[in-house]
Amino acid sequence: MKEKLTALITIFVLLLPVAAAAESDTLLGKGHGGVKVGYIRFSDGTLKDFDVDNGTYVGLEAYCKVKKAARLYLGSEIGYSKVDSSVTDTSTGTAIKVNSEFKYIPIELNAKWLFNLGSNLNLAVGTGLSLNYVDASASASASGLTILDNDHDWIFGGQGFLDLNYALGSLFVGIDAKYKLTEGFDGDGENYSNFTAGAHVGWTY
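Residues numbered from 1 in each chain as written. Predicted model: local features only at pLDDT ≥ 70, side-chain atom pairs only at ≥ 80, totals over all residues. Heavy atoms only, no water.

Draft legend 1. The overall build of the chain, seen in detail. The helix and strand tally for the chain stands at two helices and eight strands. Ordered by position from the N terminus, the helices and strands of the chain form the series α-β-α-β-β-β-β-β-β-β. Counting only residues that meet the buried cut, the chain has 40% of its 205 residues in that class. Split by element, the accessible area of the chain, about 10,500 Å² in all, is 62% carbon and sulfur. (Helix = DSSP H or I, 4+ residues; strand = E, 2+ residues; numbered from the N terminus. Buried < 20%, exposed > 50% of the residue type's maximum accessible area, 1.4 Å probe, protein only. Areas by Shrake-Rupley, 256 points an atom, 1.4 Å probe, with all protein chains shown as cover.)

And the structure:
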């Protein structure tokens with residue numbers, strides 16, 4: 001799977017330099033950038049057990065229009081999410097306090113197609129590939145004894161997303177939703193597929 005995803009990412013990287021000047025009917029300029037803030041939820045059961053399966057997501061994106069393709073944009077997004085929790089397990093008869101921290105940093109290469117809805121509205125439908133950094137750590141304490149555990153890795157993923165944008169001159173605002181599938185983490189079969197939804201603000205140039 002890694003070999004196929006690596007080949008596809010390479011193709012995306014090679015295509016990026018063909019982005020050029022916009023045509024007269026571009027919907028978000030020659031290019032655009034933006035900031036996203038939203039909610040992220042992971043499907044992995046282990047994260048749910050430790051109460052770190054959902055939190056806040058922040059992302060930065062930048063896109064350029066492909067030459068002679070008025071509605072096709074290529075670009076990238078980098079995001080960040082960090083969730084902390086503290087839970088106490090008494091199922092064994094002894095109170096065990098578990099402090100957990102989970103960090104998630106996706107780096108995406110995407111292509112998206114824009115559709116004019118009229119009244120300054122446009123819809124973007126996109127897909128892409130990603131490298132995702134996962135860092136999970138936990139400490140369990142009971143009867144004065146503390147055990148620490150930490151694991152981190154880069155994993156491949158693929159995503160599909162929708163953006164609804166309202167243009168205000170060179171600025172635009174909107175809402176967005178994305179679903180991402182990832183491969184297994186560190187060979188243990190677990191994955192960190194996730195769903196994000198939120199709002200964004202951006203600018204065109």
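Having seen the structure, we can now continue with the description.
Draft legend 2. Fine view of the nonpolar core. Formed by Ile40, Phe42, Leu47, Val52, Tyr57, Val83, Phe102, Tyr104, Val134, Ile155, Phe185 and Tyr192, the largest nonpolar core amounts to twelve residues. Apart from residues no more than four positions distant in its own chain, Phe102 is found in contact with Phe42, Leu47, Val52, Ser81, Lys82, Val83, Val134, Asp135, Ala136 and Tyr192. Counting eight residues, the second-largest nonpolar core is a separate cluster that includes Tyr63, Leu114, Ala124 and Phe172. (Core = buried A, V, L, I, M, F, W, Y, C linked by side-chain atoms within 4.5 Å. Contact = heavy atoms within 4.5 Å.)

Draft legend 3. Up close: the side chain of Asn122. As for its placement among the helices and strands, Asn122 is situated in strand E5 (residues 121–142). Asn122 has contacts with Leu27, Leu28, Leu114, Phe115, Asn116, Leu117, Asp163, Leu164 and Asn165, leaving out every residue within four places of it along the chain.

Draft legend 4. Quick look at the confidence of the model for the chain. Of all residues in the chain, 76% have pLDDT values of 70 or greater, and the mean over the chain is 83. Confidence over residues 11–25 falls short of pLDDT 50; this stretch has 29 contacts with residues more than four positions distant or in other chains. (pLDDT = per-residue confidence, 0-100.)

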